[in-house]
Amino acid sequence: SCTDFNAQFWDSVIVTAPAGWGQIVDGAPAAWALARLPVRGSGALRMLYIGLMLLHFQVKMVSSYLVLSRLALIDTYGAMILPGIFSPFAVFIMLRGFSVSASRYSNPPASTGPARCGYSFQSGCRWAGRVFSLPSCWARSNSGASRSRQ
């Protein structure tokens, strides 16, 4: 029924919104540090993150239950939100983005000030032009396909 859908929808929002924001707040500094700071053993730590992602949920379930029961969070929203916040997947995904963008933004154009803003604006306009020109290309290709069917 409709009330079941509304309750399930808002339960999903209550769990996923804090977990998503928590992954950004928790994972972004960790990923930035792994990508940008030259620390001995950072390669081993990256491999540890990959290894943690490869573990099945059932392997981590018992230890998660023990921690959550010690924190008295069993049968609460926190029991679903906290494991999602500290997921290694968010760090792994952001790590690649920070390591790629590190070389791009560490050597900006030589100019500064308004000229640099113009550079950023121009590159943003080029990107937006590419993205928003795709639907018009699709419309042209679909209109040609519909004429060939007639």
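Shown above is the structure to which this text applies.
Bear in mind the structure is a predicted one, so any value in this text is a computation, not a measurement.

Criteria and cut-off values
- Each residue is numbered by its place in its chain's sequence as written, counting from 1.
- Per-residue local features are limited, in this predicted model, to residues with pLDDT of at least 70; the limit for side-chain atom pairs, both in listing and counting, is 80 or more; totals at the level of whole chains, interfaces and linings are taken over all residues.
- To get the side-chain values, take all heavy atoms of the structure and skip hydrogens and water.
- In this text, helices come from DSSP runs of H or I with a minimum length of four residues, and strands from runs of E with a minimum of two, each type numbered from the N-terminal end.
- Burial classes: relative accessible area under 20% of the type maximum marks a residue as buried, over 50% as exposed, and values in between as partly exposed (1.4 Å probe, protein chains only).
- Only heavy atoms matter for contacts: two residues are in contact if any of them lie within 4.5 Å across the pair.
- The accessible surface values rely on the Shrake-Rupley method and a 1.4 Å probe; as for residues, cover is taken only from the protein chains in view.
- Pairing of aromatic rings covers Phe, Tyr and Trp, the last counted by its six-membered ring, and requires centre-to-centre distances within 6.5 Å; plane angles under 30 degrees mean stacked, over 60 mean edge-to-face, and any other angle means tilted.
- What we call a nonpolar core is a set of buried Ala, Val, Leu, Ile, Met, Phe, Trp, Tyr and Cys residues that are connected through their side-chain atoms within 4.5 Å.

A. Summary view of the overall build of the chain. Regarding its fold elements, the chain presents 6 helices and 0 strands. Order of helices (α) and strands (β) in the chain, N terminus to C terminus: α-α-α-α-α-α. A burial count over the chain gives 15% of its 150 residues as buried. Contacts in the chain between residues far apart in sequence, at least 24 positions, make up 75% of those at least 6 positions apart. Surface exposure of the chain reaches about 11600 Å², of which carbon and sulfur atoms provide 67%.

B. Just the packing of aromatic side chains, in detail. Tallied over the entire structure, the rule returns 2 aromatic pairs. Their ring planes at 80° and their centres at 5.0 Å tell us that F9 and W10 sit as a pair that is edge-to-face. F9 sits in the partly exposed class, given a relative accessible area of 39%. These aromatic residues form a ring-pair network of at least three members: F5, F9 and W10.

C. Up close: the nonpolar core. One finds A28, A31, L34, A35, A90, V91, M94 and L95 forming the largest nonpolar core, which totals 8 residues. Among the elements of the structure, helix 1 (2–36) and helix 5 (88–106) are those that each provide at least two residues to this core. In this structure V91 touches G27, A30, A31, L34 and Y49, once residues within four positions along its chain are discounted.

D. Representation of the environment of P88. Assignment of secondary structure puts P88 in helix 5. By relative accessible area, P88 is classed as buried at 13%. Distance from P88 to L52, taken between C-alpha atoms, is 6.9 Å for residues 36 residues apart in sequence. The contacts of P88, once residues within four sequence positions are left out, are Y49, L52 and M53.

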